[in-house]
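Read off the chains here:
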Amino acid sequence: MPATTIITARKIITMNPGLPEASHVAIRDGRILAVGNAEDMKFWPDAVIDTRFADKVLMPGFVEGHSHIMEGSIWPYSYVGYFDRVSPDGVMVSGLKSIDAVVERLKAVSDAMSDPNAILFAWGFDPIYFNDRRMTRLDLDRVSTTRPVLIIHASFHIINTNSFTLQKVGIDRSTNIDGVPKDADGEPAGELQGPAARIRLFRGLQWNALSDSVSSDSVRRFSRSAVINGATTVTDLHNELTELCLADFRKETSAADFPMRLVPALSRIGATTEQIIERIGKLKTTNSEKLYFGMVKLVVDGSIQGFTGRLRWPGYHNGAENGLWYIAPNELDEIVGKLHAAHVHMHIHTNGDEATELAINAIEAAQIAHYWADHRHTLQHCQMASPAQFKRMKALGICANLFSNHIYYWGDQHYAITMGPERANRLNAAGTAKNLGVPFGLHSDAPVTPLRPLFTAWCAVNRITASGRLLGPDERLSVADALAGITIGPAYTMRMDHLVGSIETGKFADFVVLEQDPFAVDPMTLKDIPIWGTICGGQVFQAPKP
Amino acid sequence: MILNAPEQHADQNNAIPLTVIGGFLGAGKTTFLNHLLRQASCRYAVLVNDFGAVNVDVALIASHDGNTINLNNGCICCTMADGLGEALIRVLSAPVLPEHIVIEASGVGDPWQIAEVAMLEPDLQLAAVIVLADAEQLPAQLADSYIGDTVRRQLRRADLLMLNKIDLVDAARLQTAHETLAGLQPGLRVIETRDAKPPAMLMQFDHATTPERLPLFAPEDTPDHGIQRWLYRRNIRFEREKLERLLDSLPASLLRLKGWCWIEGENAPFLLQMTGSRWSLGATEKSSHPLLTSLLGEDSLLIGLGTARLPEDAVLTALFESAFAKTSLEMPVA
Ligand SMILES: [Zn+2]
């Protein structure tokens, strides 16, 4: 008979309402054999008892329902964001509170680089925190005048450069396009926006930081980030899944010591709907224990803080013109209709409430044309959905994966600039979703914000912005509901709740090992609970000590 | 005829012309591109969002490698599935360079964003932004609360609007479409079409970089969207400011203007290019001067293409003569 191990813990929070709490879990073949108390374990007298976690709290391994492989590929570059951030190797990188601090950090990096011509690339910068004082080429000239210095913003849409770079790629005062803003002297200010400026930059430097984003190293780094943050099932929610990328995914996820289950969503870009249906069908037949295909991602609009999300009346609070469609409304109906009829599980990015409305309409039409009881199509972000929209979602069986981290990171800007007070208060309305019975998850969209499910749950429980404003107190979740939002909730939206997301017999032995009980701490310190590491398929992965 | 000189390697500029095809879903962009690939007047590289709708005769396909279809007529068609930048790099590193690149903007995209690529890449030059619109759907699209702003954004910087599928609307609705456009965007250049057929003369005009390549002698018996030509050649000098003012106020029926103009106080001709309402007037490269001299002597040459509503030759000629320098020699037309 295969070996059985019994793990004992101070407390096991199962997220299974039928048996919410336990102290022992028996494991065999990487799966959960039994959950219960010491008495319940008498049926396996030969089991090995593992007491390493006897003073710790176990929960189902966290499920990150919306993140990206870029969380693994971006970290070799310098982080220069406003907020503290922990790297996949457990190193705390401090946030930078001024442009001078950004310059200072990058100057030190530049001075330490051995190749005098190498490109210095940094990420995570967001001018929204500097009262719109924009970074200029002159700032970055203080970093270096002899090597290209590039900073990609947190939005991943704008790049700041130094004068050396501009000159090298041929952008100067004669450049006259919208994507290259000028300073008062008529010189390029240093920001590059839009496809034209980006193509010129990467062609001019013959280098593209963003094209070689997937590699075995990226997958490994992504998984280290998962371990440190307690996640054992993690999405890569928009991927064209080229053969090259698939080979890396298969190689890494089949390694015995790979610590998480990777769940990519196939992008529809560059393919017809018929091709997507065929591809996802084939990919599903290759699923293995740590690599799952089945989801297809559609992107309907842009982002709210980038003013590219599509809003219903009255639009942006500051009067900015409405955002962008990335799929035309009638095209969305057609694509959703075909995918739904073929029983393809869709994850649909909608930030603004107008995009949400069209996605709901499309699914409603598809559901009328072809009834599918348990489709679990999920609106990703779904940040601005109104109560009326949540009710329609409930009626149609649509799930929501809410971007709770936004409340902390951009809540103040949504209140003052993008949404105004009332609509900012209903941002990522998890309370409404819960009350109406809309199945939901809570996510980070890493690397846009940090992959840290406990922090995401903290946001949904407390709804506190970076400046300390309480945004929509009535939308706050209980700790139990927020924990469901980072475990069984997203697992359901991914059609994986029969495998992960709670501690129940038959599911994978995937756990997060916590130093404290989330129900026992002050909810305001939920995010600070230390994470010892994870267990994935019964295998133990200790996180590096910070 | 002196302009009908054989081709010589004296391009003022080796940059490849790039045309962007925009327009909302269903306006006819793919039909346009299919026409272009089938009846190529030069080696086109056509970049599309996906191959799904591209419908090239199998007999025309020389090879197909996943990202690129090579046609027997020298044209290629590439997908931008891995990004516009990657597709452009593939096209620009091909063993034989295309003579004209045409990029399909997405049905909801702003074609101007792609046009900026041509303005920034040294080996490209912006030929035109052509936007198609469905004559029957357009007024409703513009009024639609979901997509009206997207359609307006697409038109905002179009050099030419092809009002397509006019056979599906009656005269009154066609008139409504024209009026809506005129009200929305005065000065917008509009031509009518039934089946999104590219105006061949216009396309040819847009990839001509020297006078002898201009479509001066296209056979009169092939009506091409009713496009009219206007030709002006005279040994005169323009006054720069007057000319610039004139260029800002030309009638919307003038779709294109290209010319080599002598400006008072300069000792070489300037290249004038006007596409829609967008124009440039710049010094010609020294290396092109011998060819220009052999073709034009010291004459200024202007060639225009316009819609059926283009004013008579005499009216246009008078407009340009109002921009002569006072000292300009009043010589008889050559
Ligand atoms: Zn995302």
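Conventions and cut-offs
Residues numbered from 1 in each chain as written. Chains lettered and ligands numbered in written order. Predicted model: local features only at pLDDT ≥ 70, side-chain atom pairs only at ≥ 80, totals over all residues. Heavy atoms only, no water. Helix = DSSP H or I, 4+ residues; strand = E, 2+ residues; numbered from the N terminus. Rg over C-alpha atoms; globule rule 2.2 N^0.38 Å. Buried < 20%, exposed > 50% of the residue type's maximum accessible area, 1.4 Å probe, protein only. Contact = heavy atoms within 4.5 Å. Areas by Shrake-Rupley, 256 points an atom, 1.4 Å probe, with all protein chains shown as cover. Lys, Arg positive; Asp, Glu negative; His and termini not counted. Charge placed at Lys NZ, Arg CZ, Asp CG, Glu CD. Disulfide = S-S within 2.5 Å. Expected span 1.5 Å × (residues − 1). 1 Å grid on protein atoms, 1.4 Å probe; cavity = no way out; pocket = protein on both sides within 12 Å on 5 of 7 lines; lining within 4 Å. Points joined across faces, edges and corners; volume = space filled by probe spheres on them. Nonpolar A, V, L, I, M, F, W, Y, C, P; charged D, E, K, R; others polar. Domains from an automatic or database assignment. Pairing = 2+ DSSP bridges. Axes fitted to C-alpha atoms, helices over the stretch in contact; angles between N-to-C directions. Buried area = accessible area lost by both parts, 1.4 Å probe. Salt bridge = Lys/Arg side-chain N within 4 Å of Asp/Glu carboxyl O. Polar contact = N/O pair within 3.5 Å; in protein donor to acceptor, adjacent residues only side chain to side chain. Donors = N, O, S within 2.8 Å, 3.2 Å for Na, K, Ca; no water. Phe/Tyr/Trp six-rings, centres within 6.5 Å; stacked < 30°, edge-to-face > 60°. Right-handed = clockwise from strand over helix to strand, strands pointing away.

Attention now goes to the overall build of chain A. The secondary structure content of chain A amounts to 17 helices and 23 strands. For a compact globule of 546 residues, the expected C-alpha radius of gyration is about 24 Å, and chain A comes in at 24 Å, within 12% of that figure. Along the three orthogonal principal directions, the C-alpha set of chain A runs to about 80 × 55 × 45 Å. Of all 546 residues assigned to chain A, the portion counted as buried reaches 60%. When contacts within chain A are restricted to residue pairs at least 6 apart in sequence, those whose partners lie at least 24 apart make up 71%. Roughly 20100 Å² of accessible area belongs to chain A as shown, and the carbon and sulfur atoms make up 53% of that amount. Averaging the coordinates of the 52 positive side-chain charges in chain A and doing the same for the 59 negative ones gives two points 1 Å apart.

Turning our attention to the state of the cysteines. Going through the model one piece at a time under the given rule, you end up with zero disulfides over all chains. Here A:C382 stays free of any disulfide, with the sulfur of A:C399 as its closest cysteine sulfur at 11 Å. Here A:C382 falls in the buried class, since its relative accessible area comes to 0%. This cysteine, B:C78, is not joined by any disulfide, and B:C77 carries the nearest cysteine sulfur, 6.8 Å off. According to the relative accessible area criterion, B:C78 is buried, its value standing at 1%.

All names here are of chain A. Along its 13 residues, helix α6 (residues 216–228) runs 19 Å from first to last C-alpha, staying within 8% of the 18 Å computed at 1.5 Å per residue. Those residues of α6 that sit buried are S216, S218, V219, R221, F222, S223, S225, A226, V227 and I228. Positive backbone phi, at 85 degrees, marks G230, one or two positions downstream of α6.

Rolled over the atoms, a probe sized like a water molecule indicates the empty space that remains. All names here are of chain A. Summed over the entire model, instances satisfying the criterion amount to three cavities of 30 Å³ or more. Approximately 150 Å³ is the volume found for the largest cavity. Lining the largest cavity are 17 residues, with Y79, F83, G124, A154 and V448 sitting closest to its centre. Residue classes in the lining of the largest cavity are distributed as twelve nonpolar, three polar and two charged. Formed jointly, the lining of the largest cavity draws a minimum of three residues from each of two domains, domain 1 (75–205) and domain 2 (216–540).

Below, the discussion takes up the sheet that holds strand β16 (residues 295–299) of chain A. Residues and elements named next belong to chain A. Pairing in this open sheet of eight strands is parallel, and the strands run β6-β14-β15-β16-β17-β18-β19-β20 from one edge to the other. Both edges of this open sheet fall to β6 (62–64) and β20 (440–442), since each of them pairs with a single strand only. The mean angle between the axes of side-by-side strands here comes to 20 degrees, regardless of whether they run parallel or antiparallel. Bridging between β6 and strand β14 (residues 231–239) involves three bridges; their strand directions are parallel. Across the sheet, F62 pairs through a bridge with A231, a residue of β14. Packing against the sheet, helix α9 (residues 329–341) makes contact with β16 and β17 (345–350), and its axis sits at approximately 175 degrees to β16.

Once that is clear, we can look at the interface of chain B and chain A. On the side of chain A, 35 residues touch chain B, which itself brings 30 residues to the contact. Taken together, the two surfaces of chain B and chain A that pack against each other cover about 2400 Å², and 56% of this comes from carbon and sulfur. When the area that chain B buries against chain A is broken down by residue, the three leading residues are B:L120, B:Y146 and B:R153, summing to 27%. Along the contact surface separating chain B from chain A lie seven salt bridges. Put simply, B:D149 and A:R310 hold a salt bridge, and the shortest N to O gap is 2.8 Å. Applying the counting rule to chain B against chain A returns 13 residue pairs in polar contact (both at pLDDT 80 or more). Of all elements in the fold, only α2 (84–92), α3 (111–120) and α5 (148–155) of chain B reach the threshold of two or more residues within the side of chain B that touches chain A.

Spanning 17 residues, helix α10 (residues 353–369) of chain A covers 24 Å between terminal C-alpha atoms, matching the ideal 24 Å at 1.5 Å per step. Looking at the packing, one finds that the buried side of α10(A) touches α9, β17, β18 (378–381) and α11 (387–396) of chain A.

Now for the domain arrangement of chain B. Residue and element names in this part refer to chain B. Splitting chain B by domain gives domain 1 (7–198) and domain 2 (211–325). Relative to domain 2, the C-alpha centre of domain 1 lies at a distance of 25 Å. Contact residues are listed per partner, giving 26 residues for domain 1 and 25 residues for domain 2. When domain 1 packs against domain 2, the two sides together hide about 1800 Å² of surface, and 46% of this comes from carbon and sulfur. A salt bridge links D159 to R278; the shortest N-O distance between them is 2.5 Å. Looking at the side of domain 1 that touches domain 2, the elements that each hand over two or more residues are β7 (124–134), β8 (160–164) and β9 (190–192). For the side of domain 1 that touches domain 2, the element with the most residues is β7, which contributes six residues. Grouping the constituent residues of the side of domain 1 that touches domain 2 by class yields 13 nonpolar, seven polar and six charged.

The next thing to look at is the coordination of the zinc ion. Residues and elements named next belong to chain A. The coordination sphere of the zinc ion, as far as protein atoms go, consists of H66 (NE2), H68 (NE2) and D445 (OD), spread over 2.1 Å. In the primary sequence, the donor residues of the zinc ion line up as H-x1-H-x376-D. Within this pair, whereas H68 is found in the loop between β6 and α1 (70–73), its partner D445 is found in the loop between β20 and α15 (453–462), the two being separated by 377 residues in sequence. Comparing H68 with D445 shows no difference in burial state: the two are buried.

What follows is about the packing of aromatic side chains. All names here are of chain A. Applying the stated rule across the entire model yields 27 aromatic pairs over all chains. Consider the rings of F53 and W532, whose centres lie 5.1 Å apart with planes at 75 degrees: the pair is edge-to-face. On the criterion of sequence distance, the pair formed by F53 in the loop between β4 (48–50) and β5 (57–60) and W532 in strand β22 (residues 531–536) is long-range, its members being 479 residues apart. W532 carries the same exposure label as F53, and that label is buried.

The next point concerns the pairing of strand β19 (residues 399–402) of chain A. Regular strands have side chains that alternate between both faces of the sheet. All names here are of chain A. Here β19 shows two buried faces, one formed by C399 and N401 and the other by A400 and L402. Both β18 and β19 contribute to a ladder of four bridges, which runs parallel. Among the inter-strand pairings, H381 is bridged to a residue of β19, identified as L402. For the segment spanning β18, α11 and β19, crossover handedness is right-handed. Where β19 and β20 come together, three bridges link them in parallel fashion. Across the sheet, N401 pairs through a bridge with G441, a residue of β20.

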